[in-house]
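The lines below spell out each chain.
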Amino acid sequence: MLSVAAPPRAIVTRPAREAAQWVADLQAHGIAAAALPLIAIGAVADPALREALQRARARLGSYRAVMFVSGNAVQYFFEENQAPGLVQQALAAINTRVWAPGPGTVAALHQAGLPASRIDAPGADAAQFDSEALWQVVAPQIGPGDRVLVVRGSSAPAAEGGNGREWLAGRIGAAGGAVDFVAAYERRAPRLDAAGQALARTAAGDGSLWLLSSSEAVAHLAAALPGQDWSRARALATHPRIAQAARAAGFGTVLECRPSLAEVVASIESPHEQ
């Protein structure tokens, strides 16, 4: 007789705000989940970065397109009650488009007040939600002299698909355009308290499934628990680059899936039918 084992506990490693929503969504699907944010998010503190951000906000309408790398980029770009004025400016600048690499960023843009008619993003059936998939959608928009603003975090270039952003900048340059980058927020390593460290050590070998959506999160986990044996740990990565980072960190089992809730749920549940 076919028996179906309960799906494993999911360890959600996204930043705190996103992790809380993912935990709630997974629990609503009957999956035990715990948040262990491995990236800390905050407003940029460097005065020079804050000044550059203000200038970018003021020049929004001068760009052919503005790309937001994530929902956090949207949230911090439109902070300080900037949203109404910026939305009106974007709508007035008929040549300005708003680019998003995936559905989470699109949802954040809608929450900020931008209409769907202004937003370009990969389709819901795209193989990946990243810069490469986005370029397939927006490439016809860019020609000689066009400028694109990329709104991202201020951490290391490899964070949040940074290699993909550089790849996108290269494609824009090859089409005759140019790219400006601005930091809307800071990504930092988290400070795991005793409870967080205990959860991480337990989840390294108890069959939990680590949901990894950033190579940076993998690096932060390894740094937070030096010497930890990850050979029994299991991970679900939402991009091949993240899967590669998890394997390099020593994760014994690494699965891959697209970063949509439905596919994450299916990936968590499907291996556990016996």
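Refer to the structure presented above.
Now for a look at the structure at hand. This one's a predicted model, so the numbers in the text were calculated from it and none came from an experiment.

Attention now moves to the overall build of the protein chain. If you tally the helices and strands in the protein chain, you get 11 helices and 11 strands. Considering the protein chain as a whole, with its 274 residues, one finds that 50% of them fall into the buried category. Long-range contacts, defined here as pairs at least 24 residues apart, represent 72% of the contacts in the protein chain between residues at least 6 apart. Of the roughly 12,200 Å² of accessible surface on the protein chain, a fraction of 54% belongs to carbon and sulfur atoms.

Taken as a whole and judged by the stated rule, the model has 11 salt bridges. Among the salt bridges present, the one from Arg 55 reaches Glu 51, with a minimum N-O distance of 3.2 Å. With Arg 55 and Glu 51 both in helix α2 (residues 47-58), this residue pair falls four residues apart, about one helical turn. On the accessibility criterion, Arg 55 (41% relative accessible area) is partly exposed. Two residues, Glu 263 and Arg 258, come together in a salt bridge whose shortest N-O distance is 2.3 Å.

Bringing empty space enclosed by the protein into the picture now. What the rule picks out here adds up to two cavities of 30 Å³ or more. What lines the largest cavity is simply Val 12, Thr 13, Arg 14, Trp 22, Leu 211, Leu 212, Ser 213, Leu 236, Thr 238 and Val 264. Each residue belonging to the lining of the largest cavity can be placed in one class, and the counts come to six nonpolar, three polar and one charged.

Another aspect to go through is the packing of aromatic side chains. As enumerated under the stated definition, the model contains seven aromatic pairs in all. By way of ring pairs, the aromatic residues Phe 68, Phe 77 and Phe 78 are connected into one cluster. The cationic tip of Arg 57 hangs over the ring face of Phe 77; the distance from NZ or CZ to the ring centre is 5.9 Å.

Owing to its 3.6 residues per turn, the α-helix aligns residues three or four sequence positions apart on the same side. Counted at 1.5 Å a residue, the expected span for helix α1 (residues 16-28) with its 13 residues is 18 Å, and the 18 Å between its end C-alpha atoms agrees. Within α1, burial applies to Glu 18, Ala 19, Trp 22, Val 23 and Leu 26. Buried residues along α1 cover an arc of 135° about the axis, so they all sit on one side. For α1, the secondary structure elements touched by its buried residues are β1 (10-12), β2 (33-35), α3 (71-77), β9 (209-212) and α11 (261-269). Backbone geometry just downstream of α1 places Gly 30 in the positive-phi region, at approximately 80°.

Attention now moves to the nonpolar core. The biggest cluster of nonpolar side chains holds 36 residues, and the ones touching the most others in it are Phe 68, Phe 77, Phe 78, Trp 99, Leu 109, Leu 149 and Val 151. Filtering out sequence-adjacent residues up to four positions away, Val 151 remains in contact with Val 66, Met 67, Phe 68, Val 69, Ala 73, Phe 77, Val 182 and Ala 184. Core analysis: the second largest hydrophobic core is formed by 25 residues, Leu 38, Trp 210, Val 218 and Val 254 among them.

On to the environment of Gln 75, then. Looking at where Gln 75 falls in the secondary structure, it is placed in helix α3. At 3.0 Å, the side chain of Gln 75 and the side chain of Arg 17 are in polar contact.

Among the secondary structure elements, Pro 190 is positioned in the loop between β8 (178-188) and α8 (194-203). Taking the C-alpha atoms as reference points, Pro 190 and Ala 224, 34 residues apart in sequence, are found 8.4 Å from one another.

Further remarks concern the environment of Leu 255. Inspection of the secondary structure puts Leu 255 in strand β11 (residues 253-256). Note on Leu 255: relative accessible area 26%, which makes it partly exposed.

Here is what the cut-offs are and how they apply
- Residues numbered from 1 in each chain as written.
- Predicted model: local features only at pLDDT ≥ 70, side-chain atom pairs only at ≥ 80, totals over all residues.
- Heavy atoms only, no water.
- Helix = DSSP H or I, 4+ residues; strand = E, 2+ residues; numbered from the N terminus.
- Buried < 20%, exposed > 50% of the residue type's maximum accessible area, 1.4 Å probe, protein only.
- Contact = heavy atoms within 4.5 Å.
- Areas by Shrake-Rupley, 256 points an atom, 1.4 Å probe, with all protein chains shown as cover.
- Salt bridge = Lys/Arg side-chain N within 4 Å of Asp/Glu carboxyl O.
- 1 Å grid on protein atoms, 1.4 Å probe; cavity = no way out; pocket = protein on both sides within 12 Å on 5 of 7 lines; lining within 4 Å.
- Points joined across faces, edges and corners; volume = space filled by probe spheres on them.
- Nonpolar A, V, L, I, M, F, W, Y, C, P; charged D, E, K, R; others polar.
- Phe/Tyr/Trp six-rings, centres within 6.5 Å; stacked < 30°, edge-to-face > 60°.
- Lys NZ or Arg CZ within 6 Å of the ring centre and 35° of its normal.
- Expected span 1.5 Å × (residues − 1).
- Arc of directions from axis to C-beta.
- Core = buried A, V, L, I, M, F, W, Y, C linked by side-chain atoms within 4.5 Å.
- Polar contact = N/O pair within 3.5 Å; in protein donor to acceptor, adjacent residues only side chain to side chain.

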